[in-house]
Amino acid sequence: MTTSTLIPKEVLGVYRPGSAHMVGDGFPVRNLFPSNDLDQAVDPFLLLDYAGPQAFEPTDQPCGVGEHPHRGFETVTIMYQGSVVHRDSAGNAGVIGPGDVQWMTAASGVVHEELHEAVWAKKGGMFRAIQLWVNLPRFKKMSPPAYQTILNADIPNVPLDGGVGRLRVIAGAFQGHKGPARTVTPIELYDLALGAGGRAELPLPNGHNTSVFVLQGLVSVNGAGEAGEAELIVCKRNGSSVVIEARADSRLLILSGQPIGEPIARYGPFVMNTKLELVQAVEDYKAGKMGHLL
Ligand code: MN
(Lines give C-alpha, C1' and ligand atoms only; values in the text may rest on other atoms or scores of the structure.)
Protein backbone atom coordinates (compact mmCIF):
# COMPACT_ATOMS: atom_id res chain seq x y z
CA MET A 1 0.00 0.00 0.00
CA THR A 2 1.49 3.31 -1.02
CA THR A 3 0.60 6.50 0.77
CA SER A 4 -0.22 9.62 -1.16
CA THR A 5 -0.06 13.28 -0.30
CA LEU A 6 -2.44 14.10 -3.13
CA ILE A 7 -5.80 15.58 -2.17
CA PRO A 8 -8.73 14.27 -4.25
CA LYS A 9 -10.85 16.89 -6.00
CA GLU A 10 -14.41 16.83 -4.66
CA VAL A 11 -17.06 15.55 -7.10
CA LEU A 12 -19.53 18.27 -8.12
CA GLY A 13 -21.91 15.97 -9.96
CA VAL A 14 -22.56 13.30 -12.57
CA TYR A 15 -24.29 14.40 -15.78
CA ARG A 16 -26.09 12.58 -18.57
CA PRO A 17 -26.22 13.97 -22.12
CA GLY A 18 -28.43 17.08 -22.10
CA SER A 19 -29.30 16.75 -25.78
CA ALA A 20 -28.93 14.38 -28.73
CA HIS A 21 -28.93 15.62 -32.32
CA MET A 22 -27.27 15.34 -35.71
CA VAL A 23 -24.43 17.68 -36.67
CA GLY A 24 -24.77 17.81 -40.45
CA ASP A 25 -25.57 14.29 -41.65
CA GLY A 26 -22.37 12.66 -40.39
CA PHE A 27 -22.17 13.23 -36.66
CA PRO A 28 -24.94 11.80 -34.46
CA VAL A 29 -23.93 13.46 -31.19
CA ARG A 30 -24.87 13.38 -27.55
CA ASN A 31 -23.99 16.68 -25.91
CA LEU A 32 -22.70 16.86 -22.32
CA PHE A 33 -22.12 20.60 -22.26
CA PRO A 34 -23.17 23.36 -22.76
CA SER A 35 -26.55 21.53 -22.54
CA ASN A 36 -25.99 20.82 -18.83
CA ASP A 37 -25.27 24.45 -17.94
CA LEU A 38 -21.75 23.77 -16.64
CA ASP A 39 -19.85 26.80 -18.03
CA GLN A 40 -18.08 27.76 -14.79
CA ALA A 41 -17.38 24.18 -13.72
CA VAL A 42 -15.78 23.08 -17.00
CA ASP A 43 -14.04 26.37 -17.99
CA PRO A 44 -11.81 26.45 -20.21
CA PHE A 45 -13.89 23.82 -22.08
CA LEU A 46 -17.02 25.09 -23.89
CA LEU A 47 -18.56 22.04 -25.52
CA LEU A 48 -18.34 18.25 -25.45
CA ASP A 49 -20.10 16.29 -28.21
CA TYR A 50 -19.86 12.48 -28.23
CA ALA A 51 -20.47 11.28 -31.79
CA GLY A 52 -21.60 7.67 -32.18
CA PRO A 53 -20.80 4.89 -31.82
CA GLN A 54 -22.92 4.42 -34.92
CA ALA A 55 -22.61 2.26 -38.03
CA PHE A 56 -22.63 4.00 -41.41
CA GLU A 57 -23.54 2.22 -44.65
CA PRO A 58 -21.04 2.30 -47.54
CA THR A 59 -21.56 5.39 -49.72
CA ASP A 60 -19.95 7.38 -52.52
CA GLN A 61 -21.33 10.59 -50.97
CA PRO A 62 -19.41 11.05 -47.68
CA CYS A 63 -21.53 12.34 -44.79
CA GLY A 64 -20.46 15.21 -42.59
CA VAL A 65 -20.97 18.90 -42.14
CA GLY A 66 -20.36 21.35 -44.95
CA GLU A 67 -18.84 24.81 -44.98
CA HIS A 68 -19.42 26.68 -41.68
CA PRO A 69 -17.51 29.29 -39.62
CA HIS A 70 -15.96 29.44 -36.13
CA ARG A 71 -14.45 32.34 -34.18
CA GLY A 72 -13.04 32.80 -30.68
CA PHE A 73 -12.01 29.27 -29.64
CA GLU A 74 -10.48 25.94 -30.72
CA THR A 75 -12.17 22.76 -31.96
CA VAL A 76 -10.51 19.52 -30.88
CA THR A 77 -11.59 16.28 -32.56
CA ILE A 78 -10.52 12.96 -31.06
CA MET A 79 -11.06 9.91 -33.29
CA TYR A 80 -11.85 6.45 -31.93
CA GLN A 81 -13.39 4.73 -34.96
CA GLY A 82 -13.78 5.95 -38.53
CA SER A 83 -11.98 8.71 -40.36
CA VAL A 84 -12.58 12.43 -40.87
CA VAL A 85 -11.19 14.85 -43.43
CA HIS A 86 -10.99 18.55 -42.71
CA ARG A 87 -10.13 21.60 -44.78
CA ASP A 88 -10.40 25.26 -43.92
CA SER A 89 -10.15 28.77 -45.31
CA ALA A 90 -6.74 29.30 -43.68
CA GLY A 91 -5.40 26.71 -46.15
CA ASN A 92 -5.07 23.87 -43.66
CA ALA A 93 -6.26 20.34 -44.37
CA GLY A 94 -5.85 16.94 -42.77
CA VAL A 95 -7.19 13.42 -42.31
CA ILE A 96 -7.54 11.85 -38.88
CA GLY A 97 -8.22 8.18 -38.14
CA PRO A 98 -8.46 6.04 -35.00
CA GLY A 99 -6.15 7.36 -32.25
CA ASP A 100 -5.47 10.65 -34.05
CA VAL A 101 -6.47 14.12 -32.85
CA GLN A 102 -7.12 17.32 -34.76
CA TRP A 103 -6.53 20.57 -32.85
CA MET A 104 -7.94 23.48 -34.88
CA THR A 105 -7.50 27.00 -33.56
CA ALA A 106 -10.24 29.09 -35.14
CA ALA A 107 -9.25 32.26 -33.22
CA SER A 108 -10.09 35.29 -35.44
CA GLY A 109 -12.09 33.06 -37.75
CA VAL A 110 -12.09 30.24 -40.26
CA VAL A 111 -14.63 28.59 -42.49
CA HIS A 112 -14.20 24.82 -42.63
CA GLU A 113 -15.85 21.53 -43.55
CA GLU A 114 -15.67 18.25 -41.65
CA LEU A 115 -16.54 15.11 -43.64
CA HIS A 116 -16.17 11.37 -43.36
CA GLU A 117 -13.03 10.51 -45.32
CA ALA A 118 -13.96 9.25 -48.82
CA VAL A 119 -12.14 5.89 -48.81
CA TRP A 120 -13.50 5.06 -45.36
CA ALA A 121 -17.02 6.17 -46.36
CA LYS A 122 -16.92 3.85 -49.41
CA LYS A 123 -16.40 0.89 -47.08
CA GLY A 124 -18.61 2.20 -44.26
CA GLY A 125 -18.37 0.95 -40.69
CA MET A 126 -18.52 2.07 -37.09
CA PHE A 127 -17.96 5.74 -36.39
CA ARG A 128 -17.02 7.16 -33.00
CA ALA A 129 -15.40 10.50 -32.10
CA ILE A 130 -15.44 13.29 -29.56
CA GLN A 131 -15.40 16.98 -30.39
CA LEU A 132 -14.40 19.46 -27.71
CA TRP A 133 -14.49 23.22 -27.95
CA VAL A 134 -11.69 24.83 -25.96
CA ASN A 135 -12.03 28.50 -25.11
CA LEU A 136 -9.38 31.11 -25.82
CA PRO A 137 -8.59 33.97 -23.44
CA ARG A 138 -9.73 37.42 -24.57
CA PHE A 139 -6.25 38.45 -25.78
CA LYS A 140 -6.04 35.42 -28.12
CA LYS A 141 -9.57 35.38 -29.58
CA MET A 142 -8.58 37.53 -32.56
CA SER A 143 -5.15 35.96 -33.17
CA PRO A 144 -4.45 34.18 -36.51
CA PRO A 145 -5.96 30.69 -37.03
CA ALA A 146 -3.74 27.63 -36.56
CA TYR A 147 -3.96 23.89 -37.08
CA GLN A 148 -2.35 20.79 -35.58
CA THR A 149 -2.77 17.21 -36.79
CA ILE A 150 -1.67 14.99 -33.91
CA LEU A 151 -1.07 11.42 -35.01
CA ASN A 152 -1.61 8.37 -32.83
CA ALA A 153 2.09 7.47 -33.19
CA ASP A 154 3.12 10.82 -31.64
CA ILE A 155 0.90 10.46 -28.55
CA PRO A 156 2.73 8.89 -25.57
CA ASN A 157 0.94 5.69 -24.51
CA VAL A 158 1.94 5.13 -20.88
CA PRO A 159 1.35 1.77 -19.16
CA LEU A 160 -0.17 2.25 -15.69
CA ASP A 161 1.36 0.78 -12.54
CA GLY A 162 0.15 -2.75 -11.85
CA GLY A 163 -0.82 -3.36 -15.48
CA VAL A 164 -4.33 -1.98 -14.88
CA GLY A 165 -4.49 0.00 -18.10
CA ARG A 166 -2.91 2.61 -20.33
CA LEU A 167 -3.00 6.39 -20.51
CA ARG A 168 -2.42 8.34 -23.72
CA VAL A 169 -1.17 11.88 -23.13
CA ILE A 170 -2.74 14.17 -25.73
CA ALA A 171 -2.03 17.42 -23.86
CA GLY A 172 -0.27 18.26 -20.62
CA ALA A 173 2.02 15.77 -18.93
CA PHE A 174 1.71 12.49 -17.06
CA GLN A 175 4.56 10.78 -15.17
CA GLY A 176 7.09 12.83 -17.15
CA HIS A 177 5.52 12.08 -20.54
CA LYS A 178 4.52 15.24 -22.35
CA GLY A 179 1.60 15.37 -24.76
CA PRO A 180 2.21 16.75 -28.27
CA ALA A 181 -0.69 19.26 -28.37
CA ARG A 182 0.33 22.90 -28.13
CA THR A 183 -2.27 24.64 -25.97
CA VAL A 184 -2.82 28.36 -25.35
CA THR A 185 -3.70 27.92 -21.67
CA PRO A 186 -2.58 25.02 -19.43
CA ILE A 187 -4.62 21.89 -20.28
CA GLU A 188 -4.38 18.17 -19.54
CA LEU A 189 -6.18 15.87 -21.97
CA TYR A 190 -5.81 12.10 -21.44
CA ASP A 191 -7.30 9.08 -23.22
CA LEU A 192 -7.49 6.42 -20.50
CA ALA A 193 -8.22 2.70 -20.83
CA LEU A 194 -8.75 1.06 -17.43
CA GLY A 195 -9.49 -2.65 -16.97
CA ALA A 196 -12.27 -3.98 -14.70
CA GLY A 197 -11.11 -3.76 -11.07
CA GLY A 198 -8.36 -1.31 -11.99
CA ARG A 199 -7.58 1.81 -9.98
CA ALA A 200 -5.63 4.83 -11.22
CA GLU A 201 -4.63 7.91 -9.27
CA LEU A 202 -3.96 10.83 -11.60
CA PRO A 203 -2.23 13.92 -10.22
CA LEU A 204 -3.78 17.08 -11.69
CA PRO A 205 -3.01 20.70 -10.84
CA ASN A 206 -4.81 22.28 -7.91
CA GLY A 207 -7.09 24.96 -9.35
CA HIS A 208 -7.72 23.17 -12.66
CA ASN A 209 -11.31 22.20 -13.50
CA THR A 210 -11.30 18.43 -14.08
CA SER A 211 -13.95 16.18 -15.63
CA VAL A 212 -14.05 12.50 -16.55
CA PHE A 213 -16.13 11.41 -19.55
CA VAL A 214 -17.07 7.72 -19.82
CA LEU A 215 -17.15 6.46 -23.42
CA GLN A 216 -17.78 2.93 -22.22
CA GLY A 217 -17.67 1.00 -18.97
CA LEU A 218 -18.51 1.93 -15.40
CA VAL A 219 -16.30 3.92 -13.02
CA SER A 220 -16.29 5.84 -9.78
CA VAL A 221 -14.23 8.98 -9.24
CA ASN A 222 -12.82 9.90 -5.84
CA GLY A 223 -15.15 7.37 -4.23
CA ALA A 224 -18.23 9.46 -5.00
CA GLY A 225 -19.40 9.95 -8.57
CA GLU A 226 -20.33 6.71 -10.31
CA ALA A 227 -20.90 6.95 -14.03
CA GLY A 228 -21.55 4.71 -17.02
CA GLU A 229 -21.67 5.06 -20.80
CA ALA A 230 -21.90 8.65 -22.12
CA GLU A 231 -21.91 10.18 -18.62
CA LEU A 232 -19.66 12.95 -17.32
CA ILE A 233 -18.26 13.27 -13.81
CA VAL A 234 -17.37 16.88 -13.00
CA CYS A 235 -15.00 17.67 -10.13
CA LYS A 236 -14.48 20.92 -8.25
CA ARG A 237 -11.25 22.74 -9.00
CA ASN A 238 -9.67 22.51 -5.55
CA GLY A 239 -7.54 19.44 -4.90
CA SER A 240 -4.68 17.73 -6.65
CA SER A 241 -5.89 14.39 -7.98
CA VAL A 242 -8.63 12.18 -9.29
CA VAL A 243 -8.77 8.53 -8.25
CA ILE A 244 -10.61 6.43 -10.81
CA GLU A 245 -11.85 2.93 -10.03
CA ALA A 246 -13.21 0.82 -12.87
CA ARG A 247 -16.08 -1.61 -12.19
CA ALA A 248 -15.94 -2.79 -15.83
CA ASP A 249 -13.46 -2.44 -18.69
CA SER A 250 -13.66 1.31 -19.30
CA ARG A 251 -12.57 3.90 -21.84
CA LEU A 252 -12.42 7.44 -20.49
CA LEU A 253 -11.48 10.94 -21.55
CA ILE A 254 -9.95 13.06 -18.80
CA LEU A 255 -10.27 16.78 -19.47
CA SER A 256 -8.66 19.27 -17.16
CA GLY A 257 -7.56 22.85 -17.47
CA GLN A 258 -6.85 26.17 -15.84
CA PRO A 259 -10.08 28.21 -15.82
CA ILE A 260 -9.96 31.32 -18.01
CA GLY A 261 -12.53 33.11 -15.82
CA GLU A 262 -13.75 35.61 -18.44
CA PRO A 263 -17.34 36.31 -19.58
CA ILE A 264 -18.67 33.83 -22.17
CA ALA A 265 -20.95 35.09 -24.96
CA ARG A 266 -22.14 32.43 -27.43
CA TYR A 267 -23.97 32.51 -30.71
CA GLY A 268 -23.90 29.25 -32.69
CA PRO A 269 -20.35 28.73 -33.97
CA PHE A 270 -19.00 31.91 -32.35
CA VAL A 271 -17.85 32.25 -28.72
CA MET A 272 -16.68 35.69 -27.62
CA ASN A 273 -16.72 37.77 -24.41
CA THR A 274 -19.52 40.24 -25.28
CA LYS A 275 -22.72 40.42 -27.37
CA LEU A 276 -21.18 43.24 -29.40
CA GLU A 277 -18.30 40.95 -30.40
CA LEU A 278 -20.85 38.33 -31.51
CA VAL A 279 -22.61 40.88 -33.71
CA GLN A 280 -19.21 41.75 -35.19
CA ALA A 281 -18.47 38.05 -35.78
CA VAL A 282 -21.72 37.57 -37.72
CA GLU A 283 -21.02 40.70 -39.79
CA ASP A 284 -17.44 39.65 -40.49
CA TYR A 285 -18.57 36.15 -41.56
CA LYS A 286 -21.26 37.56 -43.86
CA ALA A 287 -18.72 40.01 -45.35
CA GLY A 288 -16.42 37.06 -46.17
CA LYS A 289 -13.71 38.13 -43.70
CA MET A 290 -13.34 34.54 -42.43
CA GLY A 291 -12.53 33.43 -45.96
CA HIS A 292 -14.01 30.72 -48.16
CA LEU A 293 -13.15 27.16 -49.11
CA LEU A 294 -11.53 26.90 -52.50
MN1 MN B 1 -16.77 22.94 -37.17
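J.: Help me understand the sheet that holds strand 21 (residues 225-227), please; the structure alone is not making it clear to me.
T.: Pairing between sheet strands relies on hydrogen bonds along the backbone, with the strands arranged either parallel or antiparallel. Spatial strand order, 18-23-20-21: four strands in an open sheet with antiparallel pairing. Of all the strands in the sheet, just strand 18 (199-203) and strand 21 have a single pairing partner and so form its edges. Neighbour-to-neighbour, the strand axes of this sheet turn through a mean angle of 20°, independent of strand direction. In terms of strand pairing, strand 18 meets strand 23 (residues 241-246) through five bridges, oriented antiparallel. Bridge assignment links E201 to a residue of strand 23, and that residue is V243.

J.: Would you mind going over the coordination of the manganese ion with me for this structure?
T.: Under ideal tetrahedral coordination, the four donors around a metal are separated by 109.5 degrees; under ideal octahedral coordination, the six donors are separated by 90 or 180 degrees. Every protein donor of the manganese ion is listed here as H68 (NE2), H70 (NE2), H112 (NE2) and E114 (OE), and their distances to the metal cover 2.1 to 2.3 Å. Here the donor residues of the manganese ion are spaced in sequence according to H-x1-H-x41-H-x1-E. With H68 in strand 5 (residues 64-70) and E114 in strand 10 (residues 110-116), this pair connects stretches of sequence that are 46 residues apart.

J.: Help me understand the sheet that holds strand 10, please; the structure alone is not making it clear to me.
T.: The four strands are arranged 5-10-7-8 in an open sheet whose pairing can be described as antiparallel. Looking along the sheet, the strands with just one partner apiece sit at the ends: strand 5 and strand 8 (93-96). Between one strand axis and the next, the sheet turns by 15° as a mean value, whatever way the strands run. Strand direction decides the pairing type here: strand 5 and strand 10, joined by five bridges, are antiparallel. Within strand 10, the position partnered with V65 by the bridge is E114.

J.: Which parts of the structure should I look at to understand the nonpolar core?
T.: Proteins that are soluble and globular tend to have nonpolar side chains buried together. If you look at the biggest cluster of nonpolar residues, it comprises 31 residues, and the most contacted ones within it are W103, I130, L132, L189, F213 and L253. Non-local contacts of L132, meaning those with residues more than four positions away in its chain, are made with F45, L47, L48, E74, T75, V76, I78, L189, L253 and L255. Within the second largest apolar cluster, 24 residues are counted, among which are L192, A200, V214 and A227.

J.: Before we go on, may I ask you to explain the packing of aromatic side chains in this structure?
T.: Any aromatic ring pair is given by two values, namely how distant the centres are and how the planes are angled relative to each other. Across all of its chains, the model carries seven aromatic pairs by this definition. Joined through ring pairs, the aromatic side chains of F27, F56, W120 and F127 make up one cluster.

What counts, and at which threshold
- Each chain carries its own residue numbering, running from 1 in the direction its sequence is written.
- Local features are withheld for residues below a pLDDT of 70 in this predicted model, meaning they are given only at 70 or higher, and side-chain atom pairs are given and counted only at 80 or more; totals for whole chains, interfaces and linings count all residues.
- Based on all heavy atoms of the structure, the side-chain values leave hydrogens and waters out of the count.
- Here a strand pair is declared whenever DSSP counts at least two bridges between the two strands.
- Numbered from the N terminus, helices here are DSSP runs of H or I no shorter than four residues, and strands are runs of E no shorter than two.
- Where helices are involved, their axes are fitted lines through C-alpha atoms of the stretch in contact, as for all axes, and angles between N-to-C directions lie from 0 to 180°.
- Any nitrogen, oxygen or sulfur atom within 2.8 Å of a metal ion counts as a donor, with the limit raised to 3.2 Å for Na, K and Ca, and since water is left out, coordination shells can look unfinished.
- Residues belong to a common nonpolar core when they are buried Ala, Val, Leu, Ile, Met, Phe, Trp, Tyr or Cys residues joined through side-chain atoms within 4.5 Å.
- Remark: exposure states derive from per-residue accessible area (1.4 Å probe, protein chains only) relative to the maximum for the residue type, with buried under 20%, exposed over 50%, and partly exposed in between.
- Only heavy atoms matter for contacts: two residues are in contact if any of them lie within 4.5 Å across the pair.
- Note on ring pairs: Phe, Tyr and Trp rings are taken, using the six-membered ring of Trp, and paired if centres are within 6.5 Å. Classes follow the plane angle, with under 30 degrees stacked, over 60 edge-to-face and the rest tilted.

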